[in-house]
Amino acid sequence: MTLERLREIVEAYGASPARWPQAERSMAETLASSSPEAQSLVAEAARFDALLDMAPAEEPSAALTERLMAARPRAVAPLVPARPQKEKGFLRGLLETVWPYGSAAFPAGTLAAALVMGVALGSASDISLTVTGTAVTASTEAETGEGLIALAMADQAWPEEWMQ
């Protein structure tokens, strides 16, 4: 405990050790009893506490209480009235659990568009895969289609042929 910390405690809590923080009380009391400078700090705070105790403490009038209550901040009403909550069915509750960010139309539309594009691109190509035993072979009319399949299957021979 330093003299500066004791000064902070006395200025914040007053001269009574009962008001001082519990964690620092014993160290502050020890310093206050052993140091003349600390004793003068506590004595000065005790005089100030006595001066504050002499001030009359009156109950606020009813008019003041009413004025304060009328001037208090209140919750602002929303500009757009809230829509009444509908009864949630099982599917709506499940959908809100999966997508809690509002309308699920955007992610559903994105998923539908991805499916349609995948089916359209898959049906437009001439690539067909044949599984024989453990080997997968691709037969197509265009050589670039075979190259793309080989590249997709991480065949190392195709990039070397393309580089030549």
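Worth saying up front: this structure is predicted, and the values here are computed from it rather than measured. (Residues numbered from 1 in each chain as written. Predicted model: local features only at pLDDT ≥ 70, side-chain atom pairs only at ≥ 80, totals over all residues. Heavy atoms only, no water.)

Colleague: So what's going on with helix 1 (residues 3-13)? Which residues, and what values?
Modeller: Buried within helix 1 are the following residues: Leu6, Ile9 and Val10. When helix 1 is viewed along its axis, its buried side chains cluster within an angular range of 95° and face the same direction. Seen from the buried face of helix 1, the exposed residues on the opposite side, beyond 90 degrees, are Glu11 and Ala12. Note on helix 1: the residue one or two positions beyond its end, Gly14, has a positive phi of about 95°. (Buried < 20%, exposed > 50% of the residue type's maximum accessible area, 1.4 Å probe, protein only. Helix = DSSP H or I, 4+ residues; strand = E, 2+ residues; numbered from the N terminus. Arc of directions from axis to C-beta.)

Colleague: Help me get a handle on the pattern of salt bridges, residues and values and all.
Modeller: Scanning all chains against the criterion turns up four salt bridges. The partner of Glu4 in a salt bridge is Arg7, and the shortest N-O contact between them spans 3.7 Å. Linking Glu4 with Arg7, this pair stays in helix 1, spanning three residues, or about one helical turn. The partly exposed category is assigned to Glu4, whose relative accessible area is 46%. Residue Arg7 is classed as partly exposed on the basis of its relative accessible area of 30%. One salt bridge in this structure joins Arg5 and Glu8, with 3.1 Å as the shortest N-O distance. Pair noted here: Arg5 and Glu8 are both in helix 1, with a separation of three residues, about one helical turn. Its relative accessible area of 40% is what places Glu8 among the partly exposed residues. (Salt bridge = Lys/Arg side-chain N within 4 Å of Asp/Glu carboxyl O.)

Colleague: Report on a nonpolar patch on the surface, specifying residues and quantitative values.
Modeller: Residues Phe48, Leu51, Leu52 and Met54 make up a contiguous nonpolar surface patch of about 460 Å² in total accessible area. With respect to the helices and strands, Leu51 occurs in helix 3 (residues 36-54). (Patch = residues over 30% accessible without salt bridge, like charges linked within 9 Å, V, L, I, M, F, W, Y side chains within 5 Å. Areas by Shrake-Rupley, 256 points an atom, 1.4 Å probe, with all protein chains shown as cover.)

Colleague: Go over the nonpolar core with me, naming the residues and quoting the values.
Modeller: Counting 11 residues, the largest nonpolar core is built from Leu6, Ile9, Val10, Ala15, Trp20, Ala28, Leu31, Ala32, Ala38, Val42 and Ala45. For this core, the secondary structure elements donating two or more residues are helix 1, helix 2 (22-34) and helix 3. Setting aside chain neighbours within four positions, we find Trp20 in contact with Leu6, Ile9, Val10, Tyr13, Gly14, Ala15, Arg25, Ala28, Glu29 and Val42. (Core = buried A, V, L, I, M, F, W, Y, C linked by side-chain atoms within 4.5 Å. Contact = heavy atoms within 4.5 Å.)

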